[in-house]
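Architecture at a glance
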Amino acid sequence: MDVLLLPFRWIYRGLVWFANSPRTLIISYLLMIVVAGVLYSHAEHKSAADSVWWAVVTASTVGYGDISPTSFAGRFLAALLISTMVLLVIPLITAHFASRLIVDDDAFEHAEQEELKADVRRLRALVEEMATRQGIALPEPPRPEPVSAAPPWERRRRRTRRR
């Protein structure tokens, strides 16, 4: 079963890498427009300028209708370009920039987190010292389960193995 999921894991990791790089997103968008324009130019025998214009209009799903494919290859290219842009590239660009807009200004920075951890360690040592002076046995603090950065299908598999 793991072998069957391997390609999906690679795709997932690739998408995560791809979505977190704005430079890669913009370059891939421009590359798709140029490649689609060149392929359209050859399939429909149009000029390079008209073909790139068609690719931009088609990729943005505006579809003015001033230039449209007539051959099977041109129509297939249009369907592929629209599908790729609508289902992959545009959502990834939108998600990336939306995640940049939603920033928690109240979130602790790394240095603040480390300072808080050190304070908790000092407080714990003081409490343990006071408890030993008083002859009190302190219970062990519960250890939280580490949060995994693995994809959901891997997290489920790991949980079932532990049981």
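For every chain, the first residue of the written sequence is number 1, and numbering continues from 1 onward in sequence order. Totals for whole chains, interfaces and linings use all residues, but because this is a predicted model, local features are given only for residues with pLDDT of at least 70 and pairs of side-chain atoms are given and counted only at 80 or more. Side-chain numbers come from the whole structure's heavy atoms, not from hydrogens or water.

1. Comments concerning the overall build of the protein chain
Helix and strand counts for the protein chain come out as six helices and zero strands. Here a helix means four or more residues in a row that DSSP labels H or I, a strand means two or more in a row labelled E, and each is numbered from the N terminus. Across the protein chain, helices and strands are ordered from the amino to the carboxyl terminus as α-α-α-α-α-α. Expressed as a percentage of its 163 residues, the buried residues of the protein chain come to 21%. In the protein chain, the share of contacts with a sequence separation of at least 24, taken over all contacts with a separation of at least 6, comes to 52%. Summing over all exposed atoms, the protein chain offers an accessible surface of approximately 12800 Å²; the carbon and sulfur share of this is 65%. Note on exposure labels: buried denotes an accessible area under 20% of the residue type's maximum, exposed denotes more than 50%, and partly exposed covers the range between, all computed with a 1.4 Å probe on protein chains only. It only takes one pair of heavy atoms within 4.5 Å for two residues to be counted as in contact. Only the protein chains shown count as cover for residues, and all accessible areas are computed by the Shrake-Rupley method using a 1.4 Å probe.

2. A short note on the nonpolar core
Grouping buried Ala, Val, Leu, Ile, Met, Phe, Trp, Tyr and Cys residues that are joined through side-chain atoms within 4.5 Å yields what is termed a nonpolar core. W54, A55 and L81 are the most contacted members of the largest nonpolar core, which has 17 residues in total. In terms of residue count, helix α4 (residues 72-101) provides more of this core than any other element does, seven residues in total. Among residues more than four places away in sequence, those in contact with A55 are I33, A36, G37 and L81.

3. Brief notes about the packing of aromatic side chains
Classification of ring pairs uses Phe, Tyr and Trp, with its six-membered ring standing for Trp, and accepts pairs whose centres are within 6.5 Å; under 30 degrees between planes counts as stacked, over 60 as edge-to-face, and the remaining range as tilted. Applying the stated criterion across every chain, the model contains three aromatic pairs. With centroids separated by 5.9 Å and ring planes inclined at 10°, the aromatic side chains of W53 and Y64 adopt a geometry described as stacked. Of this pair, W53 sits in helix α3 (residues 48-59) while Y64 sits in the loop between α3 and α4, and the two are eleven residues apart along the sequence. Residue class for W53 comes out partly exposed when judged on its relative accessible area of 38%. Overall, Y64 belongs to the exposed group, its relative accessible area being 56%. Aromatic pair F72 and F76: ring centres 6.3 Å apart, planes at 25°, arrangement stacked. Taken together, the positions of F72 and F76, both in helix α4 and four residues apart, correspond to about one turn of that helix. Overall, F72 belongs to the exposed group, its relative accessible area being 70%.

4. Regarding unusual backbone geometry
Positive phi values are uncommon outside glycine, yet H45 reaches one of about 55°. Mapping H45 onto the fold places it in the loop between α2 (22-44) and α3. Residue class for H45 comes out exposed when judged on its relative accessible area of 71%. A positive phi angle, close to 60°, is found at T61, a residue other than glycine. Assignment of secondary structure puts T61 in the loop between α3 and α4.

5. Considerations on a nonpolar patch on the surface
Residues F8, I11, L15, I82, V86, L87 and L88 make up a contiguous nonpolar surface patch of roughly 630 Å² in combined accessible area. If you list the elements that add at least two residues to the nonpolar patch, you get α1 (2-19) and α4. When its relative accessible area of 40% is taken as the criterion, V86 is described as partly exposed. Like charges within 9 Å and nonpolar side chains (Val, Leu, Ile, Met, Phe, Trp, Tyr) within 5 Å are joined into patches, using only residues over 30% in relative accessible area that form no salt bridge. Only one rule defines a salt bridge in this text: a Lys or Arg side-chain nitrogen within 4 Å of an Asp or Glu carboxyl oxygen.

6. Brief notes about the packing of α2 against α4
Helix axes are fitted only over the stretch in contact, all axes being lines through C-alpha atoms; the angle between N-to-C directions runs from 0 to 180 degrees. Interhelical geometry of α2 versus α4 gives an angle of 170° and a closest axis separation of 11 Å. It follows from the interaxial angle that α2 and α4 lie roughly antiparallel. Residue-level inspection shows P22, L25, Y29, M32, A36, L39, Y40, A43 and E44 of α2 in contact with α4, the latter providing A73, G74, L77, L81, T84, M85, V89, L92, I93 and H96. In this classification, the charged set is Asp, Glu, Lys and Arg, the nonpolar set is Ala, Val, Leu, Ile, Met, Phe, Trp, Tyr, Cys and Pro, and all remaining amino acids, among them Gly, are polar. Looking at the contact of α2 with α4, its residues break down into 15 nonpolar, three polar and one charged. Orientation labels follow simple angle bins: below 35 degrees gives roughly parallel, above 145 gives roughly antiparallel, 65 to 115 gives roughly perpendicular, and whatever is left gives oblique.

7. Thoughts on the environment of S83
Looking at where S83 falls in the secondary structure, it is placed in helix α4. Considered as a pair, S83 and A59 are 24 residues apart in the sequence and their alpha carbons are 8.6 Å apart.

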